[in-house]
Amino acid sequence: MEHDETAFSTADIQRLAARIDRPIVLVGMMGVGKTTVGRKLALMLGLPFCDADEEIEKAAQMSIPEIFAQFGEAYFRSGERRVIARLVGEDGAPERRVLATGGGAFADPETRALILKRAIAVWLDSDVDTLLARVGRKSNRPLLKTGNPREILTRLKAERGPAYAEAPIHITSGNQPHQATAIAILKAIDAWL
């Protein structure tokens with residue numbers, strides 16, 4: 001078996017995991033792979049994984065599309081901010097975990113400031129074609145229900161790009177395996193810490 005120069009050894013990952021003292025928060029557009037890559041990253045680091053959208057749905061006892069339909073985006077963003085504040089340990093010592101956020105979470109200035117202060121923010125980025133292919137697999141994207149998905153994704157990517165760029169770590173997630181994206185994140189966090 002050939003030695004993979006791009007991989008982190010188990011010992012490298014364990015050393016890095018021991019240096020991580022706060023949550024790793026994945027931010028970026030819907031469809032970029034925050035949940036899938038986040039689960040892989042958490043498994044590699046031996047940390048718990050949490051999906052902010054799932055936590056919001058539990059807290060509201062409604063699906064995100066239902067929250068949007070019944071109360072609107074502003075109400076959703078307010079609840080999202082409170083849930084993320086809890087998950088990054090706003091009221092105490094931050095728990096070491098990997099947290100995947102919804103696409104608009106980091107675009108909210110208060111939520112972004114909280115994440116930047118309390119966590120390691122990692123921007124997962126992708127081109128619009130990749131995003132479009134991935135979001136087409138799910139029907140629970142309320143922001144895509146109002147028009148042409150390509151136009152909406154292109155506009156949201158342009159609008160949110162400056163906010164996402166505030167994350168200290170930027171990783172492009174293309175068509176490579178999730179393992180490769182997770183290793184790229186590990187290397188970037190290792191260099192950043």
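Definitions and limits used
Residues numbered from 1 in each chain as written. Predicted model: local features only at pLDDT ≥ 70, side-chain atom pairs only at ≥ 80, totals over all residues. Heavy atoms only, no water. Helix = DSSP H or I, 4+ residues; strand = E, 2+ residues; numbered from the N terminus. Expected span 1.5 Å × (residues − 1). Buried < 20%, exposed > 50% of the residue type's maximum accessible area, 1.4 Å probe, protein only. Contact = heavy atoms within 4.5 Å. Pairing = 2+ DSSP bridges. Axes fitted to C-alpha atoms, helices over the stretch in contact; angles between N-to-C directions. Polar contact = N/O pair within 3.5 Å; in protein donor to acceptor, adjacent residues only side chain to side chain. Phe/Tyr/Trp six-rings, centres within 6.5 Å; stacked < 30°, edge-to-face > 60°. Parallel < 35°, antiparallel > 145°, perpendicular 65-115°, else oblique. Nonpolar A, V, L, I, M, F, W, Y, C, P; charged D, E, K, R; others polar. Lys, Arg positive; Asp, Glu negative; His and termini not counted. Salt bridge = Lys/Arg side-chain N within 4 Å of Asp/Glu carboxyl O.

Quick word on helix H5 (residues 73-87)
Here comes step 1: With 15 residues, H5 should reach 21 Å at 1.5 Å per residue; the first-to-last C-alpha distance of 21 Å fits that figure.
Here comes step 2: Burial in H5 covers these residues: Phe76, Arg77, Gly79, Glu80, Arg81, Val83, Ile84, Ala85 and Leu87.
Here comes step 3: Where H5 is buried, its residues meet strand S2 (49-51), helix H3 (52-60), helix H4 (64-71), strand S3 (98-100), helix H6 (109-118) and helix H8 (149-164).
Here comes step 4: Among the residues trailing H5, Gly89 stands out with phi positive, at a value near 75 degrees.

Here's the deal with the sheet that holds strand S4 (residues 120-125)
Two pairing modes exist for strands in a sheet, parallel and antiparallel, and in both the strands are linked by backbone hydrogen bonds.
Here comes step 1: The strand order S2-S3-S1-S4-S5 describes an open sheet built from five strands, whose pairing is parallel. Both outer strands of the open sheet, S2 and strand S5 (169-172), are each paired with one neighbouring strand and no more. Strand-to-strand twist in this sheet, taken as the mean axis angle between neighbours without regard to direction, amounts to 25 degrees.
Here comes step 2: Each of strand S1 (24-27), S4 and S5 touches helix H9 (residues 178-192); the most contacted strand, S5, lies at about 160 degrees to it.

Side note on the side chain of Arg97
Here comes step 1: With respect to the helices and strands, the residue Arg97 is situated in the loop between H5 and S3.
Here comes step 2: We classify Arg97 as buried; its relative accessible area is 11%.
Here comes step 3: Within polar-contact distance, the side chain of Arg97 engages the side chain of Glu95 at 2.8 Å.
Here comes step 4: When neighbours within four sequence positions are excluded, Arg97 is seen to be in contact with Pro23, Ile24, Leu47, Pro48, Cys50 and Leu87.

A word on the packing of aromatic side chains
Here comes step 1: Enumeration over the complete set of coordinates arrives at three aromatic pairs.
Here comes step 2: Judged by centre distance (5.0 Å) and plane angle (40 degrees), the rings of Phe68 and Phe76 are tilted.
Here comes step 3: Residue classification places Phe68 among the buried residues on the basis of a relative accessible area of 15%.
Here comes step 4: Relative to Tyr164, the ring of Trp123 has its centre 5.8 Å away and its plane inclined at 35 degrees; by these criteria the two rings are tilted. Placement of the pair is Trp123 in strand S4 and Tyr164 in helix H8, with a sequence separation of 41 residues.
Here comes step 5: By relative accessible area, which is 1% here, Tyr164 ends up buried.

Brief notes about the packing of H3 against H4
Here comes step 1: At a minimum axis separation of 9 Å, H3 and H4 run at an interaxial angle of 60 degrees. On the basis of their axis angle, the class for H3 and H4 is oblique. The segment H3 lies against H4, with Asp53, Ile56, Glu57 and Ala60 engaging Ile64, Pro65 and Ile67.
Here comes step 2: When grouped by side-chain class, the residues that make up the contact of H3 with H4 number five nonpolar, no polar and two charged.

Quick look at the side chain of Lys34
Here comes step 1: Topologically, Lys34 is positioned in helix H2 (residues 34-45).
Here comes step 2: The side chain of Lys34 is buried and forms no salt bridge, while Asp53, the nearest opposite charge, is found at 6.9 Å.
Here comes step 3: A distance of 2.9 Å separates the side chain of Lys34 from the backbone oxygen of Gly28, its partner in a polar contact.
Here comes step 4: Not counting residues up to four positions away in its chain, the partners in contact with Lys34 are Leu26, Val27, Gly28, Met29, Phe49, Ala100, Thr101, Gly102, Gly103 and Leu124.

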